[in-house]
Structure formats: structure tokens, C-alpha cells
Amino acid sequence: MRQTVIIKGNNYGLCVFLDPELPMEELLSDIRKKFQESARFFRGANMAVSFEGRTLTPEEINTIVNTICENSEIEISCVIDTDKAREAFFKKALTEKAKEEASRQPSKDGQFYKGTLRSGQVLEAEGSIIVLGDVNPGARIVAKGNIIVLGALRGTAIAGLGGKKHAIVVALEMEPIQIRIGEVTARMGGRKKFSGGAQIAYLDLGTIHVSPLNREAIGSVSFS
């Protein structure tokens, strides 16, 4: 019998191979069964996940991640992209998150959020935060560290609260109303959609810059 879902462990978490031809509804059913059967092996685990075997849209990734979380006790910290530049960035983000948690009393509050932030909602974090979902207009994220949105950022993002100049904001779709990094604010108006997939916003010489998430952009940012 052909295996349509294969789970493999790696240094950063899980690599999930997905059948490239199976219809999505059938694939989700197989994912549900696979993680229910494997639940005891991952009880309480906090890890990154990557997908191989087929090309997925952000919506499909969200649906698959929700299916995994609902049928196991895994907490997914981030999704590692197959693009090498984005993969390098997310590995750094995951490492930074682990260091922050090791340096203080363990706390899940504000470090990882799964779901859509709607107008009027405010999400705050003492360190960096990863949002698996969209941030709608009128919603706001406030963090003393970095902000990573694995979805569309259409609300307000305030990173580096307290003056951290090297904080960054990353989104798979960058359409913010406003971004603030450290003491510098840039009002985008929510009308401009930056092309080219994932984008990174960072502070350089007192100005917030937004550019595609690539090796050059990652190399120009300090994570200290």
C-alpha cells in the first residue's frame, strides 16, 4: 500500500513528505490518521516542520498545520520553507527563540500564536513572536523582539519595543497599515503590497526598509 504521508525527524523538528498527486481532502484525511497514530511519540513537543513532495499554497499550509495540531499534541514553532534563504532565516529565528526561553523561566505566553488576528485584537510578547496566520487591518502585534508572520500582515506590527534597533518584521505577504521598529515608525497605509513573496522589514540608518527575504537581506540584519 502506498504511503501518502511520511514523517521524518531532523535536527530542527519534523519533515513531512506529502503525496504530490492525492487530492487535498484525501491527503488531509491521511495526515489526520498518521498523526493520530503517532501522537504518543510527539506528546508535548515544540518543533519546526517542513513539507516536501508537493507545492503548497499558504492556505494549504495553514490547513495542514491546523490538522496536525488538532490530531496530536505537537506545538509547531514555525514552518521551514524549502527556499534556502528563507530556510536559513527560520532556522535562525527558531534558534533565537530557544535561547530566549532558556534564559528565563519557561513560558509559552506570547511566543507562538496560531490563528487569525482580527480587527481590535492586540497580541503582545516579551520576546520574539511567530504568528501562524493572518493579521487583519485593525489588529496589532507588539513585541520586544522580532515579529514573524507566516501569513498576511495587514495590521500594525511594533517590534523592538523599548528601543531594540536590530529587531525585524517578516511576513509572507507584507501589506501593513503601520510598522514600528525601535523608535522609528513607518506608515504604509495598508495599500501597498510588496511583491516577490516573503518580505523583511528592518531598520537601517534611522529608516525602515522593506525588501524581499533573501540572503542579502538576512545578512544585513543583526540578531543580537
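Above: the structure in question.
Considerations on the overall build of the protein
Reasoning step 1: Along the protein, the regular secondary structure elements total 4 helices and 15 strands.
Reasoning step 2: Within the span of the protein, comprising 224 residues, buried residues form 49% of the whole.
Reasoning step 3: In the protein, of all internal contacts separated by at least 6 residues, the share reaching a separation of at least 24 is 37%.
Reasoning step 4: A total accessible area of about 11300 Å² is found for the protein, and carbon and sulfur atoms account for 48% of it.

Some thoughts on the packing of helix α1 (residues 24-37) against helix α2 (residues 58-70)
Reasoning step 1: Between α1 and α2, the shortest axis-to-axis distance is 9 Å and the interhelical angle comes to 30°. Here α1 lies roughly parallel to α2, going by the angle between them. You can see that α1 and α2 cross each other, and the crossing is right-handed. For the pair formed by α1 and α2, the contact residues are Met24, Leu28, Ile31, Arg32 and Phe35 on the first element and Glu60, Thr63, Ile64, Thr67 and Ile68 on the second.
Reasoning step 2: In terms of residue class, the contact of α1 with α2 is built from 6 nonpolar, 2 polar and 2 charged.

Quick word on the sheet that holds strand β13 (residues 184-187)
Reasoning step 1: With mixed pairing, 5 strands are arranged side by side in an open sheet as β6-β8-β10-β12-β13. This sheet does not close on itself; its edge strands, each paired only once, are β6 (122-125) and β13. The average angle at which neighbouring strand axes cross in this sheet is 5°, direction not considered.
Reasoning step 2: Pairing analysis gives 4 bridges linking β6 to strand β8 (residues 140-143), with the strands arranged parallel. Paired with Val122 across the bridge in β8 is Arg140.

Observations regarding the sheet that holds strand β14 (residues 199-204)
Reasoning step 1: Reading across the sheet, the 6 strands line up as β5-β7-β9-β11-β14-β15 and stay open at both edges, with mixed pairing between neighbours. Each edge of the sheet is formed by a strand with only one pairing partner; in this case those strands are β5 (112-114) and β15 (207-212). Direction aside, neighbouring strands of the sheet carry axes that sit 20° apart on average.
Reasoning step 2: Bridge analysis of β14 against β15 gives 6 bridges, and the strand direction is antiparallel.

Observations concerning the nonpolar core
Reasoning step 1: Within the largest apolar cluster, 34 residues are counted, with the highest numbers of intra-cluster contacts made by Leu18, Ile31, Phe35, Phe51, Ile64 and Ile68.
Reasoning step 2: Top element by residues in this core is α1. It accounts for 5 residues.
Reasoning step 3: Contacts of Leu18, omitting those with residues within four sequence positions, involve Thr4, Val5, Leu27, Ile31, Phe51, Glu52, Gly53, Arg54, Leu56 and Ile64.

Thoughts on the environment of Leu117
Reasoning step 1: Checked against the element boundaries, Leu117 lands in the loop between β5 and β6.
Reasoning step 2: For Leu117, a relative accessible area of 2% translates into the label buried.
Reasoning step 3: When the C-alpha atoms of Leu117 and Pro137 are compared, they prove to be 8.9 Å apart, with 20 residues separating the residues in sequence.

Notes on α2
Reasoning step 1: When the terminal C-alpha atoms of α2 are compared, their 18 Å separation across 13 residues agrees well with the 18 Å that a helix rising 1.5 Å per residue should span.
Reasoning step 2: Of the residues making up α2, those classed as buried are Ile64, Val65, Thr67, Ile68 and Cys69.

Here's the deal with the environment of Glu183
Reasoning step 1: Within the secondary structure, Glu183 sits in the loop between β12 (178-181) and β13.
Reasoning step 2: Residue classification places Glu183 among the exposed positions, given a relative accessible area of 59%.
Reasoning step 3: Each C-alpha atom, one on Glu183 and one on Gly160, is 8.3 Å from the other, the two residues being 23 residues apart in sequence.
Reasoning step 4: Setting aside residues up to four positions removed in sequence, Glu183 forms contacts with Gly162 and Gly163.

What counts, and at which threshold
Residues numbered from 1 in each chain as written. Predicted model: local features only at pLDDT ≥ 70, side-chain atom pairs only at ≥ 80, totals over all residues. Heavy atoms only, no water. Helix = DSSP H or I, 4+ residues; strand = E, 2+ residues; numbered from the N terminus. Buried < 20%, exposed > 50% of the residue type's maximum accessible area, 1.4 Å probe, protein only. Contact = heavy atoms within 4.5 Å. Areas by Shrake-Rupley, 256 points an atom, 1.4 Å probe, with all protein chains shown as cover. Axes fitted to C-alpha atoms, helices over the stretch in contact; angles between N-to-C directions. Parallel < 35°, antiparallel > 145°, perpendicular 65-115°, else oblique. Left-handed = near helix turned anticlockwise from the far one by under 90°. Nonpolar A, V, L, I, M, F, W, Y, C, P; charged D, E, K, R; others polar. Pairing = 2+ DSSP bridges. Core = buried A, V, L, I, M, F, W, Y, C linked by side-chain atoms within 4.5 Å. Expected span 1.5 Å × (residues − 1).

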